[in-house]
Amino acid sequence: MAMVPPKPARNWPLWGGTIAFLVAMSWWSAHGIGFSLTELLCNSAGGTRLLQESWPPDFAFLPRLIDPFMETIYIAIVGTVVGGILSIPVAILAARNLTLGPIIWFADRNFMNILRTLPDLFWAMLFATAVGFGPVAGALALSVFTIAVISKLWSESLESIDMGMPEAVRACGGTWLQMVQFGAIPQGLQHYVSYALYAFELNVRASMVLGLVGAGGIGMILETQRANFEYERVTMIILAVLVAVLIIEQISESIRKRLA
Amino acid sequence: MSSKPGLLTPQKQIGWASWATFIIAALFVWSLLAIEFSPGRMIQVPAQVARVLSFFYPADMAYGWETVLPALAESIQIAWIGTIIAAILSLPLALFGARTLFPRIARFVKLVSATARAFPEILLAIYFVPIVGLGPFAGALAIGISSIGMLTKLGSEVVESIDFGPVEAVEASGGSRILALRYAVVPQVLPEIVAHWLFRFELNIRASAVLGVVGAGGVGGVLLNTLRYRHFEKAAAVLLLTIIVVLIIDMVSGEIRRKIIRS
């Protein structure tokens, strides 16, 4: 018995505090949102009626979806390309080993974090107000969203590059721009392409719902059909969106795997 | 071949890279034309954005304290309940979705989680709103269901990467598969899985913020209304408070995640 090691002692105050916090937070939240199983059960009749109405999907509606669907893809392409280009300087200046100085690094890092706090649909609402309803607002919103996604991921992978090459360029008398161009970007390029494809996947997904706030694409049709409770059409739109998103993701993922 | 000996210049890789650039550029221009984003329109954009931004000042903070903070609290509550639902349901799914432990069931679990992942929260909310009524409860259910997919995927990846020694030790001393899960698998994977839960909570805060657009509670509906009625000072309060609250939650949650992973 002497061989049995003692059980590690638990830090009871920490455990108790954590559990108390979790319970309190859950109680506050459940209370706040009116979480009740009775409501769920009482409404189940209405729920089943809705589900019956939304099935089968209205396949006759499908041809009318082609144009808005293409618009969605255009929005995603423009957003990814514009955001992808703009994210290059943002990411480089936010990488600690490449940036131009502590002040620029700090400012850029915070800029990036603030961009990341707002969800894509908030940007869409803002741009729809500023430049008017339509696909241009959506493309601008996705550009901002893309900057947030790519620059965060890429600046982290740029921080882990081999600094030998950039230092060699510097030692030969190269300027900062030449150091970035010949020392840093070639090492980070593969990651950049893979993050850009990932951002494109996110953008295709996001551009499907941008129309809910009037920023163009297939979401605008979704919003009108939803407001009229035409649920067999809503189901059709959502099914079409899902199939398209899954296909695009498969293609993009296989390209990313080949790059890695 | 043609390079002189002693002068080793790297061969430039023209080929697929320049083709890809060319195709992307062509698609980009075509898309720009299709959404009628002409150069004339592009020039106007900065001025238009600046004009609207100028209306945002000063932010109407009285509105902020009265209406926006409760709405933000509701968004946090939606995200919390959604994350709890997803965490509880995804833990067993993550174990059964590990290819190394349950090769047959795992394939099925992975299929289910991929399907759940494909639905954006807001599309699920469109269905839940008529089922459970307008309000935050619908939002919490939508967030919960759509988070299950990602948490199951990440969780089962963690389980697949464990050290198999303890599992074999439990089984060699006569323990069942279930006991092996309890004493050999869960203690190894729990810290990382909890970190994933926290990360998902951070994402869910952003997701729940937009659910108000379809009437599922939270701060998104407030922003949509203020912008629709052109109450820009009120919209500024919404944006300001959202940024601050999300930044604080991100910082706290990120710090806890780092502590959990390190310990």
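Scoring rules and cut-offs
Residues numbered from 1 in each chain as written. Chains lettered and ligands numbered in written order. Predicted model: local features only at pLDDT ≥ 70, side-chain atom pairs only at ≥ 80, totals over all residues. Heavy atoms only, no water. Contact = heavy atoms within 4.5 Å. Buried area = accessible area lost by both parts, 1.4 Å probe. Salt bridge = Lys/Arg side-chain N within 4 Å of Asp/Glu carboxyl O. Polar contact = N/O pair within 3.5 Å; in protein donor to acceptor, adjacent residues only side chain to side chain. Helix = DSSP H or I, 4+ residues; strand = E, 2+ residues; numbered from the N terminus. Nonpolar A, V, L, I, M, F, W, Y, C, P; charged D, E, K, R; others polar. Core = buried A, V, L, I, M, F, W, Y, C linked by side-chain atoms within 4.5 Å. Buried < 20%, exposed > 50% of the residue type's maximum accessible area, 1.4 Å probe, protein only. Domains from an automatic or database assignment. Phe/Tyr/Trp six-rings, centres within 6.5 Å; stacked < 30°, edge-to-face > 60°. Expected span 1.5 Å × (residues − 1). Arc of directions from axis to C-beta.

Visitor: Kindly report on the interface of chain A and chain B, identifying the contributing residues and their values.
Guide: The interface of chain A with chain B comprises 57 residues on the first partner and 59 residues on the second. Taking both partners together, chain A and chain B bury about 5,200 Å²; carbon and sulfur atoms supply 81% of that area. Where chain A packs against chain B, one counts zero salt bridges. Along the contact surface separating chain A from chain B lie five residue pairs in polar contact (both at pLDDT 80 or more). When residues in the side of chain A that touches chain B are grouped by element, the largest group, nine residues, is from helix 1 (residues 12-33) of chain A. Looking at the side of chain A that touches chain B residue by residue, the classes come out as 40 nonpolar, 12 polar and five charged.

Visitor: Break down the nonpolar core for me, with residues and values.
Guide: Of all hydrophobic cores here, the largest spans 134 residues; its most connected members are A:Phe122, B:Phe56 and B:Ile122. With 14 residues, helix 7 (residues 135-158) of chain A is the single largest residue contributor to this core. Mapping this core onto the domain boundaries places at least three of its residues in each of domain 1 (16-46) and domain 2 (54-262) of chain B. Apart from the residues lying within four places of it in its own chain, the contact partners of B:Phe56 are A:Leu126, B:Leu227, B:Phe232, B:Glu233, B:Ala235, B:Ala236 and B:Leu239. Counting residues in each nonpolar core, the second largest holds 15 residues, with B:Leu101, B:Val170, B:Ala184 and B:Ile193 among its members.

Visitor: How would you summarise the pattern of salt bridges if you had to cite specific residues and measurements?
Guide: Residues and elements named next belong to chain B. Taken as a whole, this structure holds 13 salt bridges over all chains when the rule is applied. In this structure, the salt-bridge partner of glutamate 255 is arginine 258, at a minimum N-O distance of 3.3 Å. Here arginine 258 and glutamate 255 lie together in helix 10 (residues 232-262), a separation of three residues that amounts to about one turn. According to the relative accessible area criterion, arginine 258 is partly exposed, its value standing at 47%.

Visitor: Account for the packing of aromatic side chains, with residues named and values stated.
Guide: As enumerated under the stated definition, the model contains nine aromatic pairs over all chains in all. Measuring from centroid to centroid gives 6.2 Å for A:Phe21 and B:Trp80, while their planes differ by 85 degrees, and the two rings are edge-to-face. Residue A:Phe21 is located in helix 1, and its partner B:Trp80 is located in helix 3 (residues 61-96); the two belong to separate chains. Judged by relative accessible area, which is 11%, B:Trp80 ranks as buried. Arranged with centres 5.7 Å apart and planes meeting at 25 degrees, the rings of B:Phe56 and B:Phe232 form a pair that is stacked.

Visitor: Go over the environment of A:Trp28, please, and point to the residues and values.
Guide: Its place among the elements puts A:Trp28 in helix 1. A relative accessible area of 38% places A:Trp28 in the partly exposed class. Contact partners of A:Trp28, with chain neighbours within four places excluded, come to B:Ala73, B:Ile76 and B:Gln77.

Visitor: Report on helix 1 (residues 16-34) of chain B, specifying residues and quantitative values.
Guide: The terminal C-alpha atoms of helix 1 of chain B, which comprises 19 residues, lie 26 Å apart, in line with the 27 Å expected from a rise of 1.5 Å per residue. Listed in full, the buried residues belonging to helix 1 of chain B are B:Phe28, B:Ser31 and B:Leu32. One side of helix 1 of chain B carries all its buried residues, which in axial view fall inside an arc of 100 degrees. Turned more than 90 degrees off the buried face of helix 1 of chain B, the exposed positions are B:Trp16, B:Trp19, B:Phe22 and B:Leu33. The elements touched by buried residues of helix 1 of chain B are helix 4 (66-94) of chain A together with helix 2 (39-55) of chain B. Residue B:Glu36 follows helix 1 of chain B closely and has a positive phi angle near 55 degrees.

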